[in-house]
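# An overview of the molecular structure
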Amino acid sequence: EVQLVESGGGLVQPGGSLRLSCAASGFTFTTYWMAWVRQAPGKGLEWVANIKRDETEKYYLDSVKGRFVISRDNAKNSLSLQMNSLRAEDTALYYCARVRYGDPPGTFDYWGQGTLVTVSS
Amino acid sequence: DIQMTQSPSSLSASVGDRVTITCQASQGIANYLNWYQQKPGKAPKLLIYDASNLETGVPSRFSGSGSGTDFTFTITSLQPEDFATYYCQQYDHLPGLTFGGGTKVEIK
């Protein structure tokens, strides 16, 4: 059974940093692109970042480019999102998602339950 | 970025009703269009991929159609467990994956 479990969310002040993690199991992690998708409270879904199997390609939402870094540790079946210079508008539930095989790599076939990030003073 | 205009933003329907949701892309995206269902407090669930392909395990009352800029999602006979919010999502272009604004399907 595919499982994605996020952790690392919390309350952080504007300008602060936070690192999210996602533990993957139940599938061959090294063969899939992975992604982060977020959802602000009461709002819709917003894609944040994608990362290729071998980390050779990474893509970001314009508003997080230069502030967020997506990475993965294939030896540990783990996905991460380092978030710096956080803003109030980054407040959201952050989902880890598996990207289904295919080209372009943009279909999210499994999702975690999310970890909440709140940016507030 | 490609904008996805989803309508309606909400609708009220009864069990057994046929429900249709539309999604329009700001430019052509071939068939690179997915549909997700999200229930309150839960993660989204993939229902339809590549505009018209039913994800494994998803009931056949759900269907999708369209290509280019105009897409349709249909539930042929609404069931109690279908009351949820539905999102379209395009993946024609990386970076810049975008979702529609969502359609909340409520009980009439």
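This text follows the structure it describes.
I will try to describe carefully the structure that is included in this document. If you're wondering where the values come from, they're calculated on a predicted model, not measured in any experiment. (Residues numbered from 1 in each chain as written. Chains lettered and ligands numbered in written order. Predicted model: local features only at pLDDT ≥ 70, side-chain atom pairs only at ≥ 80, totals over all residues. Heavy atoms only, no water.)

### Points about the layout of surface pockets
Each pocket or cavity is described by its volume, and for the largest pocket that value is around 360 Å³. In terms of lining residues, the largest pocket is bounded by 19 residues, among which Q39 and K43 of chain A together with Q38, T85 and Y87 of chain B are the most central. Mapped onto the lining of the largest pocket, the elements with two or more residues apiece are β9 (85-90) and β11 (103-107) of chain B. Here the residues of the lining of the largest pocket sort into eight nonpolar, eight polar and three charged. Estimated volume of the second largest pocket: approximately 270 Å³. Taken together, 13 residues make up the lining of the second largest pocket; nearest its centre are W111 and Q113 of chain A together with A43, P44 and K45 of chain B. Mapped onto the lining of the second largest pocket, the elements with two or more residues apiece are β1 (3-7) and β10 (108-111) of chain A together with β5 (45-49) of chain B. When residues of the lining of the second largest pocket are assigned to their parent elements, the largest contribution, three residues, is made by β10 of chain A. (1 Å grid on protein atoms, 1.4 Å probe; cavity = no way out; pocket = protein on both sides within 12 Å on 5 of 7 lines; lining within 4 Å. Points joined across faces, edges and corners; volume = space filled by probe spheres on them. Helix = DSSP H or I, 4+ residues; strand = E, 2+ residues; numbered from the N terminus. Nonpolar A, V, L, I, M, F, W, Y, C, P; charged D, E, K, R; others polar.)

### A few points about the state of the cysteines
Per the stated rule, a full pass over the model turns up two disulfides over all chains. Two residues share a disulfide in this structure: C22 of chain A and C96 of chain A, whose sulfurs sit 2.1 Å from each other. The sign of the S-S torsion, about -70°, decides the handedness of the disulfide formed by C22 of chain A and C96 of chain A: left-handed. Of this pair, C22 of chain A sits in strand β3 (residues 18-25) while C96 of chain A sits in strand β9 (residues 92-99); the two residues are 74 residues apart in sequence, bridging distant segments of the chain. The side chain of C23 of chain B participates in a disulfide bridge whose partner is C88 of chain B; the two sulfur atoms lie 1.9 Å from each other. A torsion of 50° about the S-S bond marks the disulfide between C23 of chain B and C88 of chain B as right-handed. On the criterion of sequence distance, the pair formed by C23 of chain B in strand β3 (residues 19-25) and C88 of chain B in strand β9 is long-range, its members being 65 residues apart. Overall, the relative accessible area of 2% leaves C23 of chain B in the buried class. (Disulfide = S-S within 2.5 Å. Buried < 20%, exposed > 50% of the residue type's maximum accessible area, 1.4 Å probe, protein only.)

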